[in-house]
Amino acid sequence: MGTEKRKNKLNRRMTMKILLFLYDIFTVNFAYLIAILIRFSDANSYHEQGAGYMQMFRDFTFLYTLICIVLFLVFRLYSGVWRYVGFNDLKKVIIVNLCTCIIYICGSLLIVGRMPISVYILGAGIQFIMMAVIRMAPRYIVESYGRPKGSADNDITIPMMIVGVGENTRIIQNKISRDGANIVRPVCVADYGNTFKGNTFNGLPVFCGIEAVTECIDNYHIRCVVIAEAGLPDDFTDAIRKLCRAKEIEIRDFLIGTEQKTKGIDVGELLKNARGPVRVIWDGSNGRFYPDPETALKSCDDGNTVESVSASGSELVIRVHCQESSNPVASEEWIRKYREETGDDISFF
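Residues numbered from 1 in each chain as written. Predicted model: local features only at pLDDT ≥ 70, side-chain atom pairs only at ≥ 80, totals over all residues. Heavy atoms only, no water.

Along the chain, the regular secondary structure elements total 10 helices and 10 strands. Residues classed as buried in the chain amount to 37% of the 349 residues present. Counting contacts in the chain only where the partners sit at least 6 residues apart, residues at least 24 apart contribute 71% of the total. Carbon together with sulfur atoms contributes 57% to the accessible area of the chain, which is approximately 20800 Å² in total. (Helix = DSSP H or I, 4+ residues; strand = E, 2+ residues; numbered from the N terminus. Buried < 20%, exposed > 50% of the residue type's maximum accessible area, 1.4 Å probe, protein only. Contact = heavy atoms within 4.5 Å. Areas by Shrake-Rupley, 256 points an atom, 1.4 Å probe, with all protein chains shown as cover.)

Structural data, given as structure tokens:
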């Protein structure tokens, strides 16, 4: 049964690719036909000039169609999964249409003669719109208006707050909206600063500051909180975690980053348990003397790891490896490239 289903799925996919291929062949010719009819829309101008250009169009149609077929296959317009069409697929369509526009202009000039500039512009524009819409529209229509597969038939929902204004928040919204079986529903976004106070993020109201977050939890009856931003201040996220524990609210993290996880002993943890004078040696430095671990702890950045520990007289010598800080911007850039290359978002839950 599974083999039969896979076979039927492959047959449907191949059928859709063939239909799309035939549609594109129709489009590249229909676009310039309509362009000529629009340019010479009244009867007099069509009989005086339009009929001649129509004959030029017919003479160039076969060669233009062959060139377009080759270009479509070279650019692999039919190898993508159009259910998950993205910006990278649209970019292909744009490049292909720019190439066909140049080919139509140069080819017509060399083979059949010059056509009106308006015909070139209208034909290229109509062709691009027809090719882009058939590829882009279905996904966004289904996501916006279609009923998700396996959606529940009741009105039971769990209000959820997303903490952090960033790309992860949008990914979470998108994934939950497409999962019809998920009864969790994002209702608001929390942020620590006042930058987005009073604004909305992708349709959700943004509340700034721990006081506003507390009020928001009570007003929206929040039962689930997701922390979606890695760069939030620790005191802000700690306050939210404490608030969730007090109100028995489920809390989880959804953080995407490209930074490496810290391995080894954290220098701060070591200094908290050290006694006596300390000398800390950073990468490429001669080190600095501290009379006690508390003073050294104030000068050490979080995230640095211990490379080695030794004793020199009464001093505890700690060699520290400086860890590069994480970069949320790099994370968002990685997400954007992933979406452009695959046409889909990163999986959530």
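For the coordinates displayed, the defined rule picks out five salt bridges. A salt bridge links Asp253 to Arg241; the shortest N-O distance between them is 3.0 Å. In this pair, Asp253 sits in strand S6 (residues 250-253) while Arg241 sits in helix H7 (residues 234-246), placing the two residues 12 residues apart along the sequence. You can call Asp253 partly exposed: its relative accessible area is 43%. The shortest N-O distance in the salt bridge between Glu250 and Arg252 comes to 2.3 Å. Residue Arg252 is classed as partly exposed on the basis of its relative accessible area, which comes to 30%. (Salt bridge = Lys/Arg side-chain N within 4 Å of Asp/Glu carboxyl O.)

Before going further, it helps to spend a moment on the environment of Ser299. Inspection of the secondary structure assignment puts Ser299 in helix H9 (residues 293-299). Taking C-alpha positions, Ser299 is 9.8 Å from Val280, a pair spaced 19 residues apart along the chain. When near neighbours in sequence (up to four residues on either side) are disregarded, Ser299 contacts Trp282, Arg288 and Tyr290.

Let us now look at a nonpolar patch on the surface. On the surface, Met14, Met16, Ile18, Leu19 and Leu22 cluster together into a nonpolar patch covering about 500 Å² of accessible area. Within the secondary structure, Met16 is located in helix H1 (residues 2-39). Judged by its relative accessible area of 54%, Met16 falls in the exposed class. (Patch = residues over 30% accessible without salt bridge, like charges linked within 9 Å, V, L, I, M, F, W, Y side chains within 5 Å.)

On average, residues of the chain carry a pLDDT of 78, and 78% of them reach 70 or more. Put simply, helix H10 (residues 328-342) is where the chain has its lowest mean pLDDT, 49, and helix H3 (residues 87-111) is where it has its highest, 91. Counting interchain partners and residues more than four positions distant, the pLDDT-below-50 stretch residues 344-349 has 27 contacts. (pLDDT = per-residue confidence, 0-100.)

Once that is clear, we can look at the pairing of strand S2 (residues 184-191). Burial analysis of S2 places seven of its eight residues in the buried class, which makes it a mostly covered element. For strand S1 (residues 158-163) and S2, the ladder comprises six bridges, and the chain directions are parallel. Its bridge partner being in S2, Ile162 is matched across the sheet by Val189. (Pairing = 2+ DSSP bridges.)

Take the pairing of S6 next. Where strand S5 (residues 224-227) and S6 come together, four bridges link them in parallel fashion. By the bridge assignment for S6, Ile227 is matched with Asp253. Since S5 and S6 lie parallel, the crossover through H7 that links them has a hand, and here it is right-handed. (Right-handed = clockwise from strand over helix to strand, strands pointing away.)

Here the focus is unusual backbone geometry. In this structure, His221 is a non-glycine residue whose phi angle is positive, near 55°. Here His221 is to be found in the loop between helix H6 (210-220) and S5. In the Ramachandran plot, Glu248 falls in the positive-phi region, its phi being about 55° despite a non-glycine side chain. Relative to the helices and strands, Glu248 is located in the loop between H7 and S6. Since its relative accessible area comes to 68%, Glu248 is described here as exposed.

On to the packing of aromatic side chains, then. In this structure the tally under the stated criterion is 11 aromatic pairs. Following the ring pairs from residue to residue traces out a cluster consisting of Tyr32, Phe60, Tyr64, Tyr104 and Tyr120. Geometry around Phe40 places Arg39 over its ring, the cationic atom sitting 4.6 Å from the centre. (Phe/Tyr/Trp six-rings, centres within 6.5 Å; stacked < 30°, edge-to-face > 60°. Lys NZ or Arg CZ within 6 Å of the ring centre and 35° of its normal.)

Moving on: the packing of H6 against H7. Axis angle and axis distance: for two packed helices, these are the angle between their axes and the distance between the axes, and together they describe the pair. Following both chains from N to C, one finds H6 and H7 inclined at 25°, their axes separated by 11 Å at the closest point. Taken together, H6 and H7 sit at an angle that is classed as roughly parallel. Between H6 and H7 the crossing geometry is right-handed. In this structure, H6 uses Ile210, Val213, Thr214 and Ile217 to contact H7, whose residues at the interface are Phe236, Ala239, Ile240 and Leu243. In the contact of H6 with H7, the residues fall into seven nonpolar, one polar and no charged. (Axes fitted to C-alpha atoms, helices over the stretch in contact; angles between N-to-C directions. Parallel < 35°, antiparallel > 145°, perpendicular 65-115°, else oblique. Left-handed = near helix turned anticlockwise from the far one by under 90°. Nonpolar A, V, L, I, M, F, W, Y, C, P; charged D, E, K, R; others polar.)

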